[in-house]
Amino acid sequence: MSSPVSYELQGNIGVITLDNPPVNALSHAVRQGLLDAINAAQSDTSSAVVILCEGRTFIAGADISEFGKPFKEPGLPELLNIIEASSKLVVAAIHGTALGGGFETALAAHYRCAVPSAKVGFPEIKLGLLPGAGGTQRSPRLAGVKSSLDLITSGAPISAGQAAEIGLVDEIIDGDLSAGAIAWAEKLVADGAPIRKSSEQSVPEFDSSIFDQYRATLANRARGQVAPEHVLTAVEAATTMSFEDGLAVERESFVECMNSSQSVGMRHIFFAERQAAKLDGVSKDTPNRPVENVGIIGGGTMGGGIAMSFANAGIPVTMIEISDDALARGLGIIERNYAGSVKRGKLSEEKAAACRALISGSTDYAALAGVDLVIEAVFEDPDLKKKIFKKLDAVCKPGAILATNTSYQDVDAIAAATGRPEDVVGMHFFSPAHIMKLLEVVRGERTADDVLATVMTLAKKIRKVAVVSGVCYGFIGNRMLQPYGQTAQLLLLEGASPQQIDTAMESFGMAMGPLRVFDLAGLDVGYKAREALSDDDKGDPKTFRVPDLLVEAGRLGQKSGCGFYSYDDNRKPTPDPLVDELINSAAADFGIVRRDITDEEIVDRLVSALVDEGRKILDEGIAQRSSDIDVVYIYGYGFPAARGGPMFYADNRRA
Ligand code: 3H9
């Protein structure tokens, strides 16, 4: 088999080219090829070596699919030490993304150049890992402790320009990277530039309290995760030990993280997220419909957030509201959201203005005549939705995709209100829609393959993680939430307090416990929904008696200042003895003798409630695969990524 790495002399420059699509990951064959090439360069007539990559990107990291499998020499840390020890000057030429082990390869080179659009970073933390091939040792020596900790603990990439500012990139190359990098290498040789080893630099001065500061911040931000503490230990070692000893500390930490269940869960999610984009029964060559502009019906919180998601990706949006006042209110919310992002430093003034300029409004459906996609985001009234789709059918051009953002309703029934059900699909965003990453794409019985394929592509463009769901009440996520919420109510009656349940689930890793979620969403929402149901459909009264009593006592949740908790002006929850009394008396009414319930039982029963419903969803073919359900819960419901999602957690715990 031919090697994914080639080596040739171009004049006096040895050019090493990696070609391992799609992202030039450092598979065993790539590592071996790099080793052979760098060895070859030592004894030929080259005076410098340039490492270049074919395709869309520089090396995007170690090959994650090799993790957890038997290791094959050469290992990356050793290979990078050999590259750094090269007697010929080594230049890394970066385009696309140099990530993780890829960026570590660049840091082991003696000089680094990059095109302006390139990005570099250490995403290992998102896999429950830390850089394991010298990144924690070389980066602080080049960029200082603070910049390195920011890069490694956030996992977020930075631009080539930012990397140049902090000393991680030496030269920005405009135009053709290959020609530019070779010319720059020739110039370095001609100028007598030294072989500059990152490992031999000394760490610039830093504030000695920095590690304590990061420890405190990370204890909060990355609650319960093991990798961040290892990052701090390894970077600290770079400041107190020799390079070799620091590397040994990094190695030990890396191996420990790699074997942790947290990293196993996060790696599962990495592949699950990419797998979710694949459609069963739809060829990946299915042509996409063009989507160059979008209409949104409804300028509420949801419609506004959806509009921002598209505008942020450069796609113009026309927002429809029923009156000038409602439209002004909707556009006003968007305005304030953008202003908030600028204030928090998340967006530049210019970028915010450019995005805002892409959103226009109208009260006339005729404004939607030319759009390629319409998303309806009005409140959950099935008749209203059907009426809107009838109107859209009349006004939209042939081939336009008609989507509903419904969280629960029957997408097939909505599609049937039009004469073109094949163009209708569900696009269920999560609030706040411009921030939450999950998009449930609901495949109706008659949704056309190219509509589905288009929406999946579009999801990636607007930076959402899309998961396909079949039609059922609540789709994947909200359907599973129902038994989860009901189990929380049973636990209350049987003896647990709201704060015990929430604390147990938050310690397990949930972003928020179930009762705080109820309070946030508003207890009146479920109350109103139940009013419309028959006693049979409502189910076991034990599963809703407490929230009903709370609503009847005027405790609607955060919005009324109290629900399962009392809230202060900063929305900080405090346990309320009145709620305990109310739970006690409800339990007595049902003849339940309350008992001590362990945190373990709470977690077990609540997660099992999710998983049992998840299994039914799989059996019914509503979800394409178990890992899709994990993706829904991690990106839409605050399930801890380090547990790999509810289905993965259950499968692995019982295995
Ligand atoms: C590491 O480096 C550890 C070291 O410090 C120490 C080692 C000792 N491996 O995301 P996409 C696949 S840890 C294997 O859709 P995009 C991916 O599964 C690693 N496969 O593309 C997908 O396959 P498929 C640190 C990988 O253009 C295909 O490539 N690095 C890897 O939207 C396309 O992926 C990272 O964590 C990989 N490293 O985004 C970077 N990366 O088509 C991870 C991708 O079969 N990668 N694949 O579904 C990324 O962030 C994105 O892929 C990237 C491109 C931004 C590069």
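Residues numbered from 1 in each chain as written. Predicted model: local features only at pLDDT ≥ 70, side-chain atom pairs only at ≥ 80, totals over all residues. Heavy atoms only, no water.

Taken in spatial order, the three strands line up as 5-7-8 in an open sheet, and their pairing is mixed. Of all strands in the sheet, those bounded by a partner on one side alone are strand 5 (97-99) and strand 8 (158-159). Against the sheet, helix 3 (residues 101-108) contacts strand 5 and strand 7 (119-121), and its axis sits at roughly 90 degrees relative to strand 5. (Pairing = 2+ DSSP bridges. Helix = DSSP H or I, 4+ residues; strand = E, 2+ residues; numbered from the N terminus. Contact = heavy atoms within 4.5 Å. Axes fitted to C-alpha atoms, helices over the stretch in contact; angles between N-to-C directions.)

A few words now on the site of the ligand. Around the ligand there are 27 residues in total, and Glu 104, Glu 124, Arg 274, Lys 278 and Lys 460 lie nearest to it. For the ligand, an oxygen atom lies 2.6 Å from a polar atom in the side chain of Lys 278. Contact with the protein chains hides 76% of the accessible area of the ligand, taken as 1100 Å² for the molecule alone. Those elements that provide at least two residues to the shell around the ligand are strand 5, helix 3 and helix 11 (261-276). A per-element tally of the shell around the ligand places helix 11 first, with three residues. Per-class residue counts for the shell around the ligand are 15 nonpolar, five polar and seven charged. (Near = heavy atom within 4 Å. Polar contact = N/O pair within 3.5 Å; in protein donor to acceptor, adjacent residues only side chain to side chain. Areas by Shrake-Rupley, 256 points an atom, 1.4 Å probe, with all protein chains shown as cover. Nonpolar A, V, L, I, M, F, W, Y, C, P; charged D, E, K, R; others polar.)

Before going further, it helps to spend a moment on a positive patch on the surface. A surface patch of like charges, here positive, comprises Arg 56, Arg 274, Lys 278 and Lys 460. On the secondary structure map, Arg 274 appears in helix 11. With relative accessibility at 40%, the residue Arg 274 sits in the partly exposed group. (Patch = residues over 30% accessible without salt bridge, like charges linked within 9 Å, V, L, I, M, F, W, Y side chains within 5 Å. Salt bridge = Lys/Arg side-chain N within 4 Å of Asp/Glu carboxyl O. Lys, Arg positive; Asp, Glu negative; His and termini not counted. Charge placed at Lys NZ, Arg CZ, Asp CG, Glu CD. Buried < 20%, exposed > 50% of the residue type's maximum accessible area, 1.4 Å probe, protein only.)

Here we come to the side chain of Thr 286. Counting through the fold element by element, Thr 286 comes out in the loop between helix 11 and strand 10 (294-297). In this structure the side chain of Thr 286 is engaged in a polar contact, spanning 2.6 Å, whose partner is the backbone oxygen of Ser 283.

Spatial ordering of the open sheet is given by 12-11-10-13-14-15-16-17, a layout of eight strands whose pairing is mixed. Strands at the two margins of the open sheet, each flanked by one partner only, are strand 12 (359-362) and strand 17 (465-469). Within the sheet, the average angular offset between the axes of one strand and its neighbour, ignoring direction, is 25 degrees. In this sheet, strand 15 (residues 424-429) lies alongside strand 14 (residues 401-404) in parallel orientation, the contact comprising three bridges. When the bridges of strand 15 are listed, Thr 404 appears paired with Gly 426. Contacts between helix 13 (residues 324-343) and the sheet are confined to strand 11 (317-320) and strand 12, with strand 12 contributing the most and set at about 165 degrees to the helix.

What follows covers the pairing of strand 16 (residues 438-442). Judged by how many residues are buried, strand 16 sits mostly within the fold: five of five residues are covered. Judged by which residues are buried, strand 16 turns out to be covered on both faces: Leu 438, Glu 440 and Val 442 on one side and Leu 439 and Val 441 on the other are all buried. Sheet topology places strand 15 next to strand 16; four bridges connect them, and they run antiparallel. Pairing of Gly 426 across the sheet is with Val 442, part of strand 16. Where strand 16 meets strand 17, five bridges bridge the pair, whose relative direction is parallel. Residue pairing in the sheet places Leu 439 in a bridge with Ala 466 of strand 17. Remark: the strand 16/helix 17 (residues 449-461)/strand 17 crossover connection has right-handed handedness. (Right-handed = clockwise from strand over helix to strand, strands pointing away.)

The next subject is helix 10 (residues 243-258). Between the first and last C-alpha of helix 10 there are 22 Å, a value that for 16 residues agrees with the 22 Å anticipated at 1.5 Å per step. Among the residues of helix 10, those classed as buried are Phe 243, Gly 246, Leu 247, Val 249, Glu 250, Ser 253, Phe 254, Cys 257 and Met 258. The buried side chains of helix 10 occupy one side of the element, clustering within an arc of 160 degrees when seen end-on. Along helix 10, the residues that are exposed and aim more than 90 degrees away from the buried face are Glu 244 and Glu 252. On its buried face, helix 10 sits against helix 2 (76-84), helix 3, helix 4 (135-143), helix 9 (227-240) and helix 11. (Expected span 1.5 Å × (residues − 1). Arc of directions from axis to C-beta.)

Once that is clear, we can look at the pattern of salt bridges. The final tally for this structure, using the stated rule, is 33 salt bridges. For Asp 524, the salt bridge identified is with Lys 528, shortest N-O distance 3.8 Å. Here the residue Asp 524 and the residue Lys 528 both occupy positions in helix 21 (residues 523-531), the gap between them amounting to four residues, near one helical turn. Here Asp 524 makes a salt bridge to Lys 559, at a shortest N to O gap of 2.9 Å. Of this pair, Asp 524 sits in helix 21 while Lys 559 sits in the loop between helix 23 (545-552) and strand 18 (565-567), and the two are 35 residues apart along the sequence. In this structure Asp 524 comes out as buried when scored by relative accessible area, which is 12%.

Each assigned domain of the chain is listed here: domain 1 (5-258), domain 2 (294-468) and domain 3 (477-621). The gap between the C-alpha centroids of domain 2 and domain 3 is 31 Å. (Domains from an automatic or database assignment.)

This part covers the environment of Ala 190. Within the secondary structure, Ala 190 sits in helix 7 (residues 177-190). For Ala 190 and Val 425, which are 235 residues apart along the polypeptide, the C-alpha to C-alpha distance reads 62 Å.

The subject of this paragraph is the pairing of strand 3 (residues 48-53). Counting buried positions over the six residues of strand 3 gives six, a clear majority of the element. Neither face of strand 3 is open: one carries Ala 48, Val 50 and Leu 52, the other Val 49, Ile 51 and Cys 53, and all of them are buried. Relative to strand 3, strand 2 (residues 13-18) runs parallel, the two being bridged by six bridges. Looking at strand 3, one finds that Ile 16 is bridged to Ile 51. Read as a crossover between parallel neighbours, the route from strand 2 over helix 1 (residues 28-42) to strand 3 is right-handed. In this structure, strand 3 lies alongside strand 4 (residues 89-94), joined through four bridges in parallel fashion. Each bridged residue has a counterpart across the sheet, and for Ile 51 the counterpart in strand 4 is Ala 92. Handedness of the crossover joining strand 3 and strand 4 through helix 2 is recorded here as right-handed.

Relative to the elements of secondary structure, Ser 608 occurs in helix 25 (residues 599-619). Counting along the chain gives 354 residues from Ser 608 to Phe 254, while the straight-line C-alpha distance between them is 32 Å.

Turning next to the packing of helix 19 (residues 498-508) against helix 25. Taken N-terminus to C-terminus, the directions of helix 19 and helix 25 make an angle of 75 degrees; their axes are 9 Å apart at the nearest point. Judged by the inter-axis angle, helix 19 sits roughly perpendicular to helix 25. When helix 19 is examined against helix 25, the residues Gln 500, Ile 501, Ala 504, Met 505 and Phe 508 are found in contact with a partner set consisting of Asp 599, Ile 602, Val 603, Leu 606 and Val 607. Here the contact of helix 19 with helix 25 is built from residues that sort into eight nonpolar, one polar and one charged. (Parallel < 35°, antiparallel > 145°, perpendicular 65-115°, else oblique.)

Glancing now at unusual backbone geometry. Note that the residue after Pro 21, namely Pro 22, is joined by a cis bond; omega there is 5 degrees. Cis geometry marks the peptide bond from Glu 73 to Pro 74, where omega comes out at 0 degrees. For Pro 74, the position within the fold is in the loop between strand 3 and helix 2. Phi is positive for Phe 475, close to 55 degrees, though the residue is something other than glycine. With respect to the secondary-structure elements, Phe 475 resides in the loop between strand 17 and helix 18 (477-494). Looking at Phe 475, the relative accessible area reads 0%, which means it is buried. Phi at Arg 571 takes a positive value of approximately 60 degrees, unusual for a residue other than glycine.

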